[in-house]
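Survey of secondary and tertiary structure
Take a look at the letters that make up each chain.
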Amino acid sequence: MSSIQNIVSQFTADLEKTAKVADVLNLKAQALGKQGSLSEILKGLKDATPEERKTIGAEANVAKNQIEELVANKITALESAEINKSLLKDKVDFSMRDSILELGLQAAGMHPVSIVQREIEDIFLSMGFEVLDGPHIEDEWHNFEALNIPANHPARDMQDTFWFADMKHLLRTHTSTIQVRGMKTRKPPFRFVGPGKVFRCERTDASHEMCFHQLEGMMVGEDVTIGHLIYFMKTLLSEIFKKEVEVRLRPGFFPFVEPGFELDIKCLICGGKGCSVCKHVGWVELLPCGMVHPNVLKAGGIDPEKNNGFAFGLGLDRLVMMRYGIDDIRLIHSGDLRFNSQFKTF
Ligand code: FA5
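Rules of the game
Residues numbered from 1 in each chain as written. Predicted model: local features only at pLDDT ≥ 70, side-chain atom pairs only at ≥ 80, totals over all residues. Heavy atoms only, no water. Pairing = 2+ DSSP bridges. Helix = DSSP H or I, 4+ residues; strand = E, 2+ residues; numbered from the N terminus. Contact = heavy atoms within 4.5 Å. Axes fitted to C-alpha atoms, helices over the stretch in contact; angles between N-to-C directions. Phe/Tyr/Trp six-rings, centres within 6.5 Å; stacked < 30°, edge-to-face > 60°. Buried < 20%, exposed > 50% of the residue type's maximum accessible area, 1.4 Å probe, protein only. Near = heavy atom within 4 Å. Polar contact = N/O pair within 3.5 Å; in protein donor to acceptor, adjacent residues only side chain to side chain. Areas by Shrake-Rupley, 256 points an atom, 1.4 Å probe, with all protein chains shown as cover. Nonpolar A, V, L, I, M, F, W, Y, C, P; charged D, E, K, R; others polar. Salt bridge = Lys/Arg side-chain N within 4 Å of Asp/Glu carboxyl O. 1 Å grid on protein atoms, 1.4 Å probe; cavity = no way out; pocket = protein on both sides within 12 Å on 5 of 7 lines; lining within 4 Å. Points joined across faces, edges and corners; volume = space filled by probe spheres on them. Patch = residues over 30% accessible without salt bridge, like charges linked within 9 Å, V, L, I, M, F, W, Y side chains within 5 Å.

**Some remarks on the sheet that holds strand S7 (residues 257–266)**
Taking strand neighbours across the sheet as the criterion, the seven strands line up as S1-S4-S5-S9-S8-S7-S6 in an open arrangement whose pairing is mixed. Each end of this open sheet is capped by a strand with a single partner; those strands are strand S1 (130–131) and strand S6 (247–251). Here strand S5 (residues 211–221) runs beside strand S9 (residues 308–315); their pairing, made up of eight bridges, is antiparallel. Within the sheet, the bridge partner assigned to Gln 214 lies in S9 and is Gly 315. Seen against the sheet, helix H11 (residues 316–324) touches S5, S7, strand S8 (283–292) and S9 and runs at an angle of roughly 60° to S9.

Okay, structure coming up:
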């Protein structure tokens, strides 16, 4: 009996000195394994009286349970010490977050697209519009079909699309997908804007990028007219430029509006003389818009007999270029801190 107790106390002392799970398991094998010290005692029972076998057997069982419990506790302790150690090593001090962010903004400035986007959101919020968001990865229905562009429609070629391998999903080519999602989740009357990144498989130049920003706008109700559309466009431009800018409205074709218009701005880089940004025509395509096509309202679950609406899709990067006199869109996307630091800081 005393040797059983000795085994447990020796085991406890040896366990105390272990610092690795593998060493704990080795120690356990030395006590409880086939050749282990406790097993050796049990083997010796074959020569004992039935009475001795009973008491020593019971005592050995208690010792085995004790050793197993000691082992389990030690392994848990070693594993949590390991986790704590790695947590401490990779620790992030979140209390530093705000000051780091502030330092970054002071050094780099706020991105000009973010500055202008926030200003436009505020302008539209003050006129009773909501600000909506939408996913970058879309399906064909939201990007094309619901916008009156069925499969094989030539208008699909107007926007070179990045398709996923399943040929059903794509990177949205315009923020008009937000129109569709907005209509589906609202009942007229409503008005909202939806800014965001869009993607097109295009060759880049001074005014074209593959990933750029648009800001969609939509207003739907019983008596929405072209007059409303022109009023909101004019308010937007006078608030953003804080000065008279020359614009022209011309007919434009988009399957999701009828009638459709292109609102161009006199190029503020060259003053209309012609440069690489306006492709030497003196005007920059900025704000396509129009009255929402009845098929689009239907796809959005809205009765076109009772409601009509306008929609627009502002080219945000080009507006930023006009506002700050930036002569190459690729600078906006360069990620160059020397460029960013020239704009407003907090
Ligand atoms: C559209 O994307 C339509 N969804 C806009 C619309 C919405 C029309 C609602 C009517 C009603 P478009 O492909 O023309 O239209 O693009 C809109 C604007 O995005 C352009 O006027 C231009 O300012 C900008 N844009 C287009 N392609 C690029 C590009 N590759 N890089 C930078 N800006 C671009």
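Okay, back to it.
**Remarks on the packing of aromatic side chains**
Taken as a whole and judged by the stated rule, the model has 11 aromatic pairs. Here the aromatic rings of Phe 124 and Phe 129 are separated by 4.9 Å at their centres, their planes lie at 70°, and the arrangement is edge-to-face. Phe 129 gets classed as buried once you look at its relative accessible area, which sits at 3%. The structure contains a cluster of three or more aromatic residues connected by ring pairs, namely Phe 124, Phe 129, Tyr 231, Phe 232, Phe 310 and Phe 312.

**Re the site of the ligand**
The immediate surroundings of the ligand are formed by 25 residues, with His 174, Ser 176, Arg 200, Glu 202 and Glu 209 found nearest. Glu 285 has a polar backbone atom sitting 3.0 Å from an oxygen atom of the ligand. Within the complex, 95% of the 680 Å² of free accessible area of the ligand lies under protein. Those elements that provide at least two residues to the shell around the ligand are helix H8 (176–184), S5, S8 and S9. For the shell around the ligand, the class distribution of residues is 10 nonpolar, nine polar and six charged.

**Examining the pattern of salt bridges**
Throughout the structure, instances matching the rule amount to 15 salt bridges. Linking Lys 17 and Asp 14 is a salt bridge whose minimum nitrogen-to-oxygen distance equals 3.8 Å. You can see Lys 17 and its partner Asp 14 sitting in helix H1 (residues 2–17), three residues apart, about one turn around the helix. Take Lys 17: its relative accessible area is 66%, and that puts it in the exposed class.

**Quick notes on empty space enclosed by the protein**
Taken as a whole and judged by the stated rule, the model has one cavity of 30 Å³ or more. Looking at the largest cavity, its volume works out to about 40 Å³. As for the largest cavity, its lining consists of Ile 149, Ala 155, Met 158, Gln 159, His 174, Phe 254, Pro 255 and Phe 256. Residues belonging to the lining of the largest cavity are distributed by class as follows: six nonpolar, two polar and no charged.

**Examining a nonpolar patch on the surface**
On the surface, Ile 226, Ile 230 and Leu 249 cluster together into a nonpolar patch covering about 220 Å² of accessible area. Relative to the assigned elements, Ile 230 resides in helix H9 (residues 226–241). Taking relative accessible area as the criterion, Ile 230 reaches 36% and is therefore assigned partly exposed.

**With respect to the layout of surface pockets**
Estimated volume of the largest pocket: approximately 790 Å³. Along the wall of the largest pocket there are 40 residues; nearest its centre are Arg 200, Gln 214, Glu 285, Pro 288 and Arg 318. Contributing elements (two or more residues each) for the lining of the largest pocket: H8, S5, S6, S7, S8, S9 and H11. Top contributing element to the lining of the largest pocket by residue count: S8, with seven residues. Split by residue class, the lining of the largest pocket holds 18 nonpolar, 10 polar and 12 charged. Every residue along the wall of the second largest pocket is listed here: Ile 230, Met 233, Lys 234, Leu 237, Ser 238, Lys 243, Glu 244, Val 245, Val 247, Arg 248, Leu 249 and Leu 263. Ranked by residue count, the leading element in the lining of the second largest pocket is H9, at five residues.

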